[in-house]
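Secondary and tertiary structure notes
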Amino acid sequence: MSEVAYGRLKSKKRQERTANLITLVVVVFFAVLVLFPIWWIFRTSLMTNAEIYKYPPSLLPADWLFSNYEKTLEIFKFWKYLWNTMIIIVPSCLAGTFTATLCGYAFARLRFRGKKLIWALCVGSMLLPAMVTLIPLYIGWTRGLGLHDSYLPLILPYFCGGGAFNIFLIRQFIVSIPRELDQAATIDGAGYFRILFSIIMPAIRPAMIVVALFIFIGLWNDLLQQMIYINGSDKYTIALGLTNFRGQLKQDWSLTMAATCMSFAPGVLFYVIGQKYFVEGITLTGMKS
Amino acid sequence: MDTINKSVKRRSRIYSAEARVAYICLIPAFIGLIFLTYVPLLSVLGISLTNWTGLSAPKFIGFDNYSKLFTSDPYIKDSIIATIYFAALSVAGSMIYSLFIAMLLNRKIPARGFFRAVFYVPYVLPAAAIYVGWSWLYEANFGFFNYLLSEIGLHKVLFIADSSHVVPSLSLISVWLAGNLIVIFLAGLQNVPSVYHEAAQIDGANGWARFRHITLPSMSPIIFYNLLMSLIANLQVVTPALSLTNGGPGNSSRFMTYLMYDQAFVNYKLGYACATTFIIFAILAAFTGVLFKTSKGWIFDEGGDDDK
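Definitions and limits used
Residues numbered from 1 in each chain as written. Chains lettered and ligands numbered in written order. Predicted model: local features only at pLDDT ≥ 70, side-chain atom pairs only at ≥ 80, totals over all residues. Heavy atoms only, no water. Helix = DSSP H or I, 4+ residues; strand = E, 2+ residues; numbered from the N terminus. Rg over C-alpha atoms; globule rule 2.2 N^0.38 Å. Buried < 20%, exposed > 50% of the residue type's maximum accessible area, 1.4 Å probe, protein only. Contact = heavy atoms within 4.5 Å. Buried area = accessible area lost by both parts, 1.4 Å probe. Salt bridge = Lys/Arg side-chain N within 4 Å of Asp/Glu carboxyl O. Polar contact = N/O pair within 3.5 Å; in protein donor to acceptor, adjacent residues only side chain to side chain. Axes fitted to C-alpha atoms, helices over the stretch in contact; angles between N-to-C directions. Parallel < 35°, antiparallel > 145°, perpendicular 65-115°, else oblique. Left-handed = near helix turned anticlockwise from the far one by under 90°. Nonpolar A, V, L, I, M, F, W, Y, C, P; charged D, E, K, R; others polar. UniProt positions renumbered as here; feature names shortened; annotations may be inferred.

**Quick word on the overall build of chain A**
- Each helix and strand counted, chain A has 14 helices and 0 strands in total.
- The C-alpha atoms of chain A give a radius of gyration of 25 Å, which is well past the 19 Å a tight globule of 289 residues would have.
- Dimensions along the principal axes, computed over C-alpha positions, put chain A at roughly 85 × 75 × 35 Å.
- The buried share of chain A, taken over its 289 residues, is 52%.

**Description of the interface of chain A and chain B**
- At the interface, 97 residues of chain A touch 98 residues of chain B.
- Across the chain A to chain B interface the summed buried area is about 8,800 Å²; carbon plus sulfur atoms make up 78%.
- Interface area lost by chain A to chain B is led by Arg-111, Met-131 and Ile-135 of chain A, which between them contribute 8%.
- Connecting chain A to chain B are 1 salt bridge.
- Taking the shortest distance from any N to any O, the salt bridge between Glu-18 of chain B and Arg-111 of chain A comes out at 2.8 Å.
- Run the count over chain A and chain B and you get 13 residue pairs in polar contact (both at pLDDT 80 or more).

**Side note on the packing of helix α8 (residues 164-175) of chain A against helix α11 (residues 205-221) of chain A**
Residue and element names in this part refer to chain A.
- Between α8 and α11, whose axes approach to 10 Å, the crossing angle comes to 170°. Classed by the angle they form, the pair α8 and α11 counts as roughly antiparallel. The interaxial crossing formed by α8 with α11 has right-handed handedness. Where α8 abuts α11, its residues Phe-165, Asn-166, Leu-169, Ile-170 and Phe-173 lie against Ala-207, Met-208, Val-210, Val-211, Phe-214 and Ile-215.
- Its residues placed into classes, the contact of α8 with α11 shows 10 nonpolar, 1 polar and no charged.

**Quick word on the UniProt feature "transmembrane region" (unreviewed entry) in chain B**
Residues and elements named next belong to chain B.
- Here the UniProt feature "transmembrane region" (unreviewed entry) sits at residues 21-49, 80-105, 117-137, 166-189, 222-242 and 270-292.
- Helix makes up 97% of residues 21-49 and strand 0%, whereas the separation of the span's terminal C-alpha atoms amounts to 42 Å.
- Split by type, residues 80-105 is 100% helix and 0% strand. Its first and last C-alpha atoms lie 37 Å apart.

**What to know about the UniProt feature "transmembrane region" (unreviewed entry) in chain A**
Residues and elements named next belong to chain A.
- Within the UniProt annotation, "transmembrane region" (unreviewed entry) is assigned to residues 21-42, 81-105, 117-139, 151-170, 191-217 and 253-273.
- End C-alpha to end C-alpha, residues 21-42 measures 31 Å, and it is 100% helix and 0% strand.
- Secondary structure across residues 253-273 divides into 100% helix and 0% strand, with the first and last C-alpha atoms of the span separated by 30 Å.

**Here's the deal with the environment of Ser-253 of chain B**
Residues and elements named next belong to chain B.
- Among the structural elements, Ser-253 can be located in the loop between α11 (239-245) and α12 (256-266).
- The class of Ser-253 is buried, set by a relative accessible area of 0%.
- The spatial distance from the C-alpha of Ser-253 to the C-alpha of Ile-76 is 12 Å, given a sequence separation of 177 residues.
- What Ser-253 contacts, discounting residues up to four positions off in sequence, is Val-166, Leu-170, Ala-241, Thr-245, Gly-247 and Gly-248.
- A distance of 2.7 Å separates a polar atom in the side chain of Ser-253 from the backbone oxygen of Gly-248.

Take a look at the structure:
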């Protein structure tokens, strides 16, 4: 009897192990598929043009021509574009994360009149597609405030709450922190801001990092607004610079791919640093509620 | 009586101090909500009733822009078709792909964290660079995909230079980019109680039955969330048209947001572009509305209410 049960358990375990092995094989297969385009772009960036057009194409470059990157840097002003992009991204990330935290704190912890209404307006704006407000905002920034060829229309919105989704995310996080912590601090005589800065903020650090990463990615991917607000080529961001560069060099694929790879690099670097918080943050944000 | 009054007074004083702090915290968001969201939203409607070009003063022309859009605009029909076609393929593709990958990554395989990171990588690359990179993979004569096709004995395909292939080709890229959906699905899967699965397994339910009757229902709020976010994002698609196709070939990738951009910032027809914006908004609202309406039937709510 017990031998039968033992045998069944053993076969079940074996079954599970086979299932996991098959899963692993499928996951590896898809991971290779996902990474392959990036590899193809990278390997092209290290080839001579003759090698690119060789048939059949090879998976590896014959010699690794890192000199392509030097050549690209002569035309593609990567460092300048990177600097310009950072001028937009760094203040936006800092201000957006901070103001989103302030709002999230108010919604999560404080009682005040009109809370339901303001919360509804806030959540409602999450569903409002960004392109709807594009033209009036453009008119407001350029006509109303005279901000032509300026980064301010891209940065200043992040000083205004950091986006509804981020406020929502921070609030969810704060709600999950036990209130007893605040109450203990209140008894010790801490005020609301003191509680925010020395208790809440350290506790929600992962969420704040996730918000900063989301703002980073949002700006990183937003070609449309950059195209509208920035005109001068000395003010180009990476996205604008690359789009323009591709137009200049229609056929030189190795240099174009070198420029593409350079544009990939900061995001990958940022992600490798913040990766842990990213997954943890999204997992913890109470997607469950 | 007196003590009650006193305590009420003290309560309200605390309340007002608390409220003051709350209002200070909310000032930035409040300014943002008013001036960056709701005022512009109303302005779109207002400007759409004018013939503003940005040069001369705007003149009120009633619903002329709208009637022109519906009767004589050469692009709007193709544009709506292209947008919905793109969104349908991208949303369906990325939802199936990301749920599938998330379920695989939810099993106990070695190096799970590493694989999770891998599937997220495309999402952190700048969109403009991704489209440029993929344009090389899609290249007509020497691109990787055409090499594959010729290896298996098929004809070459002009992926983004052929009006009937450009939309599916672009949506393949957006499926590839769906790493954030995977992470959110994964978070949801980890909240599905494993006792249900074990109980069903003892009752002899096979893999598909367990997926159909346990995983799907308990994941339904997250499926809804991902569906909604991915629908809103894909119906607003613009970057591939801006960085790669310029709406072409023909009008096959002249997505609605690109059409709006073109009218406003290339042709300076601000009033007309605002009318287009409002049409896009109406289409988006219709889709999200339908999604919300039908969701009541299939979202399985455990009744978990948060503190609101």
